[in-house]
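Listed here are the chains, written in short residue letters.
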Amino acid sequence: MLVLGIETSCDETAVAVYAPDHGVVAHTVFSQIDLHAKYGGVVPELASRDHVRRLLPLVRATIASAGSVPGDIDGIAYTAGPGLVGALLVGAALARSVAWSWGIPAIGVHHLEAHLLAPMLEARRPEFPFLALLVSGGHTMLVEVRAVGQYRVLGETLDDAVGEAFDKTAKLLGLPYPGGPALERLARQGTSGRFEFPRPMTGRPGLDFSFSGLKTHAVTTFHKYRGFPGIDADIANAFQRAVVETLAIKCGRALSQTGFSSLVIAGGVGANEALRERLRELCAKQGATVYYPRPEYCTDNGAMIAYTGWLRLKAGQQESMAFRAVDRWPLEDLPVVG
Ligand code: KG4
Ligand code: ZN
C-alpha cells in the first residue's frame, strides 16, 4: 500500500509517499520563505497562490522519486486544518480531485494530530500513552496522547504561540523570517546570564502558557540597552533560556501529574537544540524518556500527513466526496482509531 501525503496549511508546500512496510519512501518540501521574507511574516493570499503553482509539479516529482507511478498510489491524505483556509483549500481540492480521478480514497488529516504522531516515523518511537509538547508557529500545548485519536489538551497558550514569540523577537533583533532558527544561532553567541527574563506562569499551578509578556520584555530590554555591544545576542540568549526553562518546568509538572514515562516533542520549535537538550536532561532526572522526530519531521512536512492518513484509512475511516478545509478544529473532536 502507498499513501500520498499533501501538506499546504501554511507556507510550506510538502508532499510525501508513505509505504507501511518501508516507511517514508519519498518526501519533498518547497518552502515559501523567500516569498514572505520581505513582509516579515506569512501573507496568506501569496501563500495560497504559490501552493497553486507548486503543488502539482511537486506531487509528480515526489511520486517519481519514490520510483512509483500514479497508478501505484492507494490513498491520499491531505491537511484539512487547522491552518490558513485559502492555503488548505489548494491541497484539499487537488487531493480530492486527483483521488476521484484515480478511483482511490482521500482523507482530510488534522495538522496537529500529524505533528503529534510524527515521532512514530522514527525507528525509536514511543509507546502509548505519552505526553506531548506541541510547539509550533501557531500552537503551544501539552497533550495527553492515549491512542491514535484519543487526545486531551492539558494546557495551552493563552496568547502567543512559542514559535510566534520566537519569530516576533527575532524580527525585533533584525533577523530574517522565519526567526526561530536564526534566533537559536544568535543565542549561541550571547553571554548567558547577562539578562534574566521571567518564566511566565510558572509561579502558579496549572499547565497553561503565556508568551506575549516575554516578547514585551525583550522589546523593553532592547530599547533600554540599544547600541551596547553584543546586546542582540545576549537578548536572544536570555529569551531562549526563558522559553526553554518555562517549557521544561511545565513538562516536568505534566509528567508528574500524568505519571507518564514518555515525553514527545513535536512541531517546528521542536527542532530547537537548546530545548531538546534541556528536555533530555529533565527526563533523565524524572525517570522518563524523551522522543522527537528528526528536525525535518518537526517542521511542516508531507510525511506526517501521509502517515496519519494511512492510520485512519487502514482503520476503515471513509469520507464523502466533499473536501474539507477548516481554520479551527479542536483536537479532542477527532474519532479514536482502534
Ligand atoms: O510546525 P511549523 O513548521 O509550522 C506550524 O505549524 O506553525 O513551525 C514553525 C515555527 C516557526 O515559528 C519557526 O520560527 C519555529 O517553528 N522554529 C524554531 C526553530 N525551527 C523552527 N523555533 C526555534 N528554534 C528552531 N530551531
Ligand atoms: Zn505545523
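Since this is a predicted model, take the numbers as computed values, not measurements. (Residues numbered from 1 in each chain as written. Chains lettered and ligands numbered in written order. Predicted model: local features only at pLDDT ≥ 70, side-chain atom pairs only at ≥ 80, totals over all residues. Heavy atoms only, no water.)

Let's shift gears to the overall build of the protein chain. If you tally the helices and strands in the protein chain, you get eleven helices and ten strands. Whereas a compact globule of 338 residues would reach a radius of gyration of roughly 20 Å, the protein chain reaches 20 Å, a difference of no more than 12%. The buried share of the protein chain, taken over its 338 residues, is 54%. At a minimum sequence separation of 6, the contacts of the protein chain that also span at least 24 residues come to 73%. Charge centroids of the protein chain, computed over 32 positive and 33 negative side chains, lie 4 Å from each other. (Helix = DSSP H or I, 4+ residues; strand = E, 2+ residues; numbered from the N terminus. Rg over C-alpha atoms; globule rule 2.2 N^0.38 Å. Buried < 20%, exposed > 50% of the residue type's maximum accessible area, 1.4 Å probe, protein only. Contact = heavy atoms within 4.5 Å. Lys, Arg positive; Asp, Glu negative; His and termini not counted. Charge placed at Lys NZ, Arg CZ, Asp CG, Glu CD.)

In the neighbourhood of ligand 1, 19 residues make up the surrounding shell, with Gly137, Asp167, Glu184, Gly268 and Asn272 lying closest. In the model, an oxygen atom of ligand 1 is placed 2.8 Å from a nitrogen or oxygen of the Gly137 main chain. Here an oxygen atom of ligand 1 and a backbone polar atom of Gly268 are 2.9 Å apart. Relative to its unbound accessible surface of 560 Å², ligand 1 loses 89% to contact with the protein. The residue inventory of the shell around ligand 1, partitioned by class, reads five nonpolar, eleven polar and three charged. Viewed by domain, the shell around ligand 1 spans two of them, domain 1 (3–116 + 297–333) and domain 2 (128–292), each represented by three or more residues. (Near = heavy atom within 4 Å. Polar contact = N/O pair within 3.5 Å; in protein donor to acceptor, adjacent residues only side chain to side chain. Areas by Shrake-Rupley, 256 points an atom, 1.4 Å probe, with all protein chains shown as cover. Nonpolar A, V, L, I, M, F, W, Y, C, P; charged D, E, K, R; others polar. Domains from an automatic or database assignment.)

Attention now moves to the sheet that holds strand E3 (residues 23–31). As summarised here, the arrangement of the five strands in space is E3-E2-E1-E4-E5, forming an open sheet in which the pairing is mixed. The two strands at the open ends of the sheet, each matched to only one other strand, are E3 and strand E5 (106–110). Averaged over all neighbouring strand pairs, the angle between strand axes comes to 20°, with direction disregarded. Note that strand E1 (residues 3–7) and strand E2 (residues 12–19) share five bridges and pair antiparallel. Each residue of the ladder has a partner; that of Glu7, found in E2, is Ala14. (Pairing = 2+ DSSP bridges. Axes fitted to C-alpha atoms, helices over the stretch in contact; angles between N-to-C directions.)

This structure, assessed with the given rule, holds eight aromatic pairs. Centre to centre, the rings of Phe166 and Phe239 are 5.3 Å apart; their planes meet at 85°, and the pair counts as edge-to-face. One end of the pair, Phe166, is in helix H5 (residues 162–172); the other, Phe239, is in helix H8 (residues 231–258), with 73 residues separating them in the sequence. The exposure class of Phe166 is buried, given its relative accessible area of 3%. Aromatic pair Phe209 and Phe211: ring centres 5.9 Å apart, planes at 15°, arrangement stacked. Residues Phe209 and Phe211 agree in their burial class; the two are buried. A cation over an aromatic ring shows up here: Lys250 above the ring of Phe209, its NZ or CZ 5.6 Å from the ring centre. One cation-aromatic arrangement involves Arg276 over Tyr292; the distance from NZ or CZ to the ring centre is 4.0 Å. (Phe/Tyr/Trp six-rings, centres within 6.5 Å; stacked < 30°, edge-to-face > 60°. Lys NZ or Arg CZ within 6 Å of the ring centre and 35° of its normal.)

Ligation of the zinc ion (ligand 2) by protein atoms is provided by His111 (NE2), His115 (NE2) and Asp300 (OD), these donors lying 2.0 to 2.1 Å from the ion. Around the zinc ion (ligand 2) sit four donor atoms, and with donor-metal-donor angles ranging over 94 to 142° the site reads as irregular. Along the chain, the residues donating to the zinc ion (ligand 2) are arranged with the sequence spacing H-x3-H-x184-D. Residue His115 is found in helix H4 (residues 111–117), and its partner Asp300 is found in the loop between helix H10 (295–298) and helix H11 (303–314); the two are separated by 185 residues along the sequence. Asp300 carries the same exposure label as His115, and that label is buried. (Donors = N, O, S within 2.8 Å, 3.2 Å for Na, K, Ca; no water. Tetrahedral: all angles 85-135°; square planar, octahedral: opposite > 155°, others 65-115°.)

The next thing to look at is the domain arrangement of the protein chain. When the domains of the protein chain are assigned, the result is domain 1 (3–116 + 297–333) and domain 2 (128–292). Taking the mean C-alpha position of each, domain 1 and domain 2 sit 27 Å from one another. Taken together, the contact pairs 19 residues of domain 1 with 22 residues of domain 2. Summed over both sides, the interface between domain 1 and domain 2 buries roughly 1600 Å², with carbon and sulfur atoms accounting for 71% of that surface. Considering only the surface of domain 1 that becomes buried against domain 2, Leu116, Cys298 and Glu332 emerge as the three largest contributors, covering 37% of it. There are zero salt bridges connecting domain 1 and domain 2. Counting the contacts that link domain 1 with domain 2 gives five residue pairs in polar contact (both at pLDDT 80 or more). Secondary structure elements with two or more residues in the side of domain 1 that touches domain 2: helix H1 (33–37), H4 and H11. Sort the elements by how many residues they give to the side of domain 1 that touches domain 2 and H4 lands first, with four residues. (Buried area = accessible area lost by both parts, 1.4 Å probe. Salt bridge = Lys/Arg side-chain N within 4 Å of Asp/Glu carboxyl O.)

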